[in-house]
Amino acid sequence: MSAAGVVVTGAGHGIGRALAARWAAEGARVVVNDLDTEAVEKVAAEIGGQAVPGDISTEAGVAALISTAEERLGGIEVFCANAGIDRGHGLAAAEEDWAAALDVNLLAHVRAARLLVPRWLERGGGRFVVTASAAGLLTMLGGPAYSVTKHGAVAFAEWLSATYRHRGVRVHAICPQGVKTRMLAEAGPYQELLSHDSALEPEDVAEALWQAIAEDRFLVLPHPEVADYYIGRATQTDRWLSGMNRLQQQIERQVEQG
């Protein structure tokens, strides 16, 4: 796997940058993608990778990235679907915010897998990594589009694993809570909630993925506490929802008090 051809989307900053750097440090040949051309070119230069800037929110954009990456790498063994956005808050979230979140946080994964998995089946395997969120296992107060699409990202990753694992396709879903990224910095009143169990460095998330790969484990939980929350949500749903609602009330009081 050290010389694998790897693609990382959303690699200009944060978790994507850390994932790309870790793969490169392990000897992989890495293509980094991001809307931010300057940032992704800087990352590529730092890690000895190749920058393929572009928009993966459309079917054509995903196809262009995969085509270019395959030409550059000679084949893609690992695809890290890391790009994500948090658009629209509350019921007032606009249609365009929902559409954008669906395209980036979920459908980009589907569109990439649609192109890659048939080729992996012919070659005997591949690895698909989804950067979801603890929001995809629990929920995200304030961000319905983010929460719903991250749930969808986890569900699609589960489906991929259940369907193709016996044919060599390995799938991992990364589900952290707060990570020291621009998204956390812009979380406003929800920043404290996301950092409840401590905000991690992006490099910590990359290390958690590496451990999951070594253990052939689907679910990647950089914050181990999320496992207990996930069990509580599944086994004591009403209690869990009541607790989340109390947190929502606390946040509303904080906003009111300025």
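About the criteria used
- Residues numbered from 1 in each chain as written.
- Predicted model: local features only at pLDDT ≥ 70, side-chain atom pairs only at ≥ 80, totals over all residues.
- Heavy atoms only, no water.
- Pairing = 2+ DSSP bridges.
- Helix = DSSP H or I, 4+ residues; strand = E, 2+ residues; numbered from the N terminus.
- Contact = heavy atoms within 4.5 Å.
- Axes fitted to C-alpha atoms, helices over the stretch in contact; angles between N-to-C directions.
- Buried < 20%, exposed > 50% of the residue type's maximum accessible area, 1.4 Å probe, protein only.
- Polar contact = N/O pair within 3.5 Å; in protein donor to acceptor, adjacent residues only side chain to side chain.
- Phe/Tyr/Trp six-rings, centres within 6.5 Å; stacked < 30°, edge-to-face > 60°.
- Right-handed = clockwise from strand over helix to strand, strands pointing away.

Asker: Give me the sheet that holds strand E1 (residues 5–8): which residues, what numbers.
Answerer: Spatially, the seven strands line up as an open sheet ordered E3-E2-E1-E4-E5-E6-E7, and their pairing is parallel. The sheet is open, and its two borders are formed by strand E3 (50–51) and strand E7 (219–220), each paired with just one other strand. The pairing of strand E2 (residues 29–32) with E3 spans two bridges and is parallel. Note that in E3 the partner of Val 31 across the bridge is Gln 50. Helix H8 (residues 202–214) contacts strand E5 (126–131), strand E6 (169–174) and E7 of the sheet and is inclined by roughly 145° relative to E6.

Asker: Would you mind going over the side chain of Asp 34 in detail, with residue names and values included?
Answerer: Tracing the chain through its elements places Asp 34 in the loop between E2 and helix H2 (37–47). Classification of Asp 34 as buried rests on a relative accessible area of 12%. A polar side-chain atom of Asp 34 sits 3.3 Å from the main-chain amide nitrogen of Ala 11. Look past the residues within four positions of Asp 34 in its chain and what remains in contact with it is Gly 10, Ala 11, Gly 12, His 13, Val 40, Val 52, Pro 53 and Gly 54.

Asker: A description of the packing of aromatic side chains should follow, citing residues and the corresponding values.
Answerer: Note on aromatic pairs: each is described by the distance of the centres and the angle between the planes. This model, assessed by the stated rule, comprises five aromatic pairs. With a centroid separation of 6.5 Å and 70° between ring planes, the pair formed by Trp 120 and Phe 128 is classed as edge-to-face. We classify Trp 120 as buried; its relative accessible area is 1%. With a centroid separation of 5.9 Å and 80° between ring planes, the pair formed by Trp 159 and Tyr 164 is classed as edge-to-face. Judged by its relative accessible area of 46%, Trp 159 falls in the partly exposed class.

Asker: Go over the pairing of E2 with me, naming the residues and quoting the values.
Answerer: As defined by bridge partners, E1 adjoins E2 across four bridges and the pair is classed as parallel. Paired with Val 7 across the strands is Val 31, a residue of E2. Note that the unit made of E1, helix H1 (residues 14–25) and E2 has a crossover that is right-handed. Each parallel crossover has a hand, and the one from E2 via H2 to E3 is right-handed.

Asker: Before we move on, could you go through the environment of Ala 63 and cite the residues and values that matter?
Answerer: By the element assignment, Ala 63 lies in helix H3 (residues 59–73). For Ala 63 and Arg 114, which are 51 residues apart along the polypeptide, the C-alpha to C-alpha distance reads 9.8 Å.

Asker: Requested: an account of the environment of His 13, with residues and values cited.
Answerer: With respect to the helices and strands, the residue His 13 is situated in the loop between E1 and H1. Taking the C-alpha atoms as reference, His 13 lies 9.9 Å from Ala 83; in sequence the two are 70 residues apart. A polar contact of 3.2 Å, which involves the side chain of His 13, links it to the side chain of Asp 36.

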